[in-house]
Amino acid sequence: MIDKKIKPEYLPGGAKREEIREKAVKYLQAPILETQAARHEFITQVLKFTETEYLEILNQATNGSLADAWN
């Protein structure tokens, strides 16, 4: 993967961390030609989300919004 860098405010502990998390959900939902492995690598390696955070983002992207609609 190309060495990509993000601004410090988007890294863990940054002021805009929640904003980048919401964008990561949309990234996983996007109908683009990219493998799930590549998306996983980008979210964990570039955006520096932990595996647990990644699984939470993946869950939200696949069915979390549907569960919220039922409540």
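The rules behind the values
- Residues numbered from 1 in each chain as written.
- Predicted model: local features only at pLDDT ≥ 70, side-chain atom pairs only at ≥ 80, totals over all residues.
- Heavy atoms only, no water.
- Helix = DSSP H or I, 4+ residues; strand = E, 2+ residues; numbered from the N terminus.
- Buried < 20%, exposed > 50% of the residue type's maximum accessible area, 1.4 Å probe, protein only.
- Contact = heavy atoms within 4.5 Å.
- Areas by Shrake-Rupley, 256 points an atom, 1.4 Å probe, with all protein chains shown as cover.
- Phe/Tyr/Trp six-rings, centres within 6.5 Å; stacked < 30°, edge-to-face > 60°.
- Lys NZ or Arg CZ within 6 Å of the ring centre and 35° of its normal.
- Polar contact = N/O pair within 3.5 Å; in protein donor to acceptor, adjacent residues only side chain to side chain.
- Expected span 1.5 Å × (residues − 1).
- Arc of directions from axis to C-beta.

1. Overview of the overall build of the protein
- For the protein, the count of helices and strands is three helices and zero strands.
- Walking the protein from its N terminus toward its C terminus, one meets helices and strands in the order α-α-α.
- Residue burial in the protein is summarised as follows: out of 71 residues, 28% are buried.
- Long-range contacts, defined as pairs at least 24 residues apart, comprise 48% of the intrachain contacts of the protein with a sequence gap of at least 6.
- When the accessible surface of the protein is totalled, it reaches about 5,200 Å², and 56% of it is carbon and sulfur.

2. A word on the packing of aromatic side chains
- With the rule as written, the count across this model stands at one aromatic pair.
- Its end group placed over the ring of Y27, R39 keeps NZ or CZ at 5.6 Å from the ring centre.

3. Considerations on the side chain of R21
- Among the secondary structure elements, R21 is positioned in helix α1 (residues 17–29).
- Separated by 3.0 Å, the side chains of R21 and E56 make a polar contact.
- Once residues lying within four places of it in the same chain are set aside, the contact partners of R21 are F49, E53, E56 and I57.

4. Points about unusual backbone geometry
- Within the chain, K48 stands out as a residue other than glycine whose phi angle is a positive 65°.
- The residue K48 is located in the loop between α2 (36–46) and α3 (51–70) in this model.

5. Observations regarding α1
- Here α1 spans 19 Å end to end across 13 residues, near enough to the 18 Å set by a 1.5 Å rise per residue.
- When we look at burial in α1, the residues that qualify are R17, I20, R21, A24, V25, Y27 and L28. Summarising the axial view, the buried residues of α1 lie within an arc of 160°, below the 170-degree limit, and thus occupy one face.

6. What about the environment of L11?
- With respect to the element layout, L11 can be found in the segment before α1.
- Residue L11 is classed as partly exposed on the basis of its relative accessible area, which comes to 27%.
- Spatially, the C-alpha atoms of L11 and V46 are 9.2 Å apart, while their sequence positions differ by 35 residues.

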